Amino acid sequence: SDDSSEPAAIAEDGSGKPANSSPSSPLRLRGDDYGSEVYANVTLADGQLATVRWDGANGAPAFLTGSITPPAAAGPAEAAMAFLVGNVELYRLSDPGAELKVNRQEHDELGMTHIHFEQMHKGVPVFGSDIAVHFASDGRIVAVNGRYVPDIDIAATPGIGAEAAVAAARAD
């Protein structure tokens, strides 16, 4: 066992060496690795490097940081979506335009802009799931974080009517 307090990524090949990943070959965590924080350096779609902390619950990126993209010509919401579209394999997105909806845009006292996306599944908000893209004052993306649930496979239409749902909730 390694006594180091430095978090380590787990190599996909089982070699125990730190893992590097790219959108074309994303780091896949083994089942026994879920629940722990796993870090890796990744090469993004545009060739730049970033550091990712993977979500221990589902293996999706929870926090990505670095000087991720050059200043964007588009507005922040468009640049944030373009980043996510360019990195669909890293985030395991199938249709970012349908899966992510801009929820809010904030500007802080440091001059940073924060774009918050709400995750949607077939038009229904996914409770507790969002992605925030953070821009430096010069327009570079400096961090992306949040909780995104990839690979949702559940019906988006209710199986019971509203009255039956209320009755079931009250009976619980």
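Attention here is on the structure that accompanies the text. (Residues numbered from 1 in each chain as written. Predicted model: local features only at pLDDT ≥ 70, side-chain atom pairs only at ≥ 80, totals over all residues. Heavy atoms only, no water.)

1. Here we look at the overall build of the protein
Moving on, step 1. Helix and strand counts for the protein come out as four helices and eight strands.
Moving on, step 2. Burial statistics for the protein: of 172 residues in total, 37% are counted as buried.
Moving on, step 3. The long-range share in the protein, meaning contacts at least 24 apart out of those at least 6 apart in sequence, stands at 40%.
Moving on, step 4. Of the accessible surface of the protein, which amounts to about 9800 Å², a share of 53% is contributed by carbon and sulfur atoms. (Helix = DSSP H or I, 4+ residues; strand = E, 2+ residues; numbered from the N terminus. Buried < 20%, exposed > 50% of the residue type's maximum accessible area, 1.4 Å probe, protein only. Contact = heavy atoms within 4.5 Å. Areas by Shrake-Rupley, 256 points an atom, 1.4 Å probe, with all protein chains shown as cover.)

2. Focus on the packing of aromatic side chains
Moving on, step 1. Across all of its chains, the model carries one aromatic pair by this definition.
Moving on, step 2. The interplanar angle of 75° and the centroid separation of 6.5 Å between the aromatic rings of Phe83 and Tyr91 together place this pair among those described as edge-to-face. Comparing Phe83 with Tyr91 shows no difference in burial state: the two are buried. (Phe/Tyr/Trp six-rings, centres within 6.5 Å; stacked < 30°, edge-to-face > 60°.)

3. Observations concerning the nonpolar core
Moving on, step 1. Leu64, Phe83, Leu84, Tyr91 and Val133 are the most contacted members of the largest nonpolar core, which totals 27 residues.
Moving on, step 2. For this core, the secondary-structure elements that each account for two or more residues are strand S2 (38–43), strand S3 (49–54), helix H1 (76–86), helix H2 (88–91), strand S6 (113–121), strand S7 (124–135) and strand S8 (141–147).
Moving on, step 3. In terms of residue count, H1 provides more of this core than any other element does, six residues in total. (Core = buried A, V, L, I, M, F, W, Y, C linked by side-chain atoms within 4.5 Å.)

4. Structural notes on the side chain of His121
Moving on, step 1. Mapping His121 onto the fold places it in strand S6.
Moving on, step 2. On the accessibility criterion, His121 (14% relative accessible area) is buried.
Moving on, step 3. Among the polar contacts made by the side chain of His121, one reaches the main-chain carbonyl oxygen of Ile154 at a distance of 2.8 Å. (Polar contact = N/O pair within 3.5 Å; in protein donor to acceptor, adjacent residues only side chain to side chain.)

5. Remarks on the pairing of S2
Moving on, step 1. By the alternation rule, side chains of S2 split into Val38, Ala40 and Val42, which are all buried, and Tyr39, Asn41 and Thr43, of which none is buried.
Moving on, step 2. Alignment of S2 against S3, held across six bridges, turns out to be antiparallel. Residue Val42 lies in a different strand from S3, and its bridge partner there is Ala50.
Moving on, step 3. The loop that links S2 with its antiparallel partner S3 comprises five residues; one of these, Gly47, has a positive phi angle of about 90°. (Pairing = 2+ DSSP bridges.)

6. Describing the pattern of salt bridges
Two side chains of opposite charge can pair, provided their charged atoms sit close to one another.
Moving on, step 1. Under the counting rule described, the total for this entry stands at four salt bridges.
Moving on, step 2. Among the ionic pairs, Asp138 bridges to Arg140, the shortest N-O distance being 2.9 Å.
Moving on, step 3. For Asp138, a relative accessible area of 40% corresponds to the partly exposed category. (Salt bridge = Lys/Arg side-chain N within 4 Å of Asp/Glu carboxyl O.)

7. Structural notes on the environment of Leu64
Moving on, step 1. Here Leu64 is to be found in strand S4 (residues 61–65).
Moving on, step 2. Placed 81 residues apart in sequence, Leu64 and Asn145 show a C-alpha to C-alpha distance of 6.2 Å.
Moving on, step 3. Apart from the residues lying within four places of it in its own chain, the contact partners of Leu64 are Leu44, Ala50, Thr51, Val52, Phe83, Leu90, Tyr91, Val142, Ala143 and Val144.

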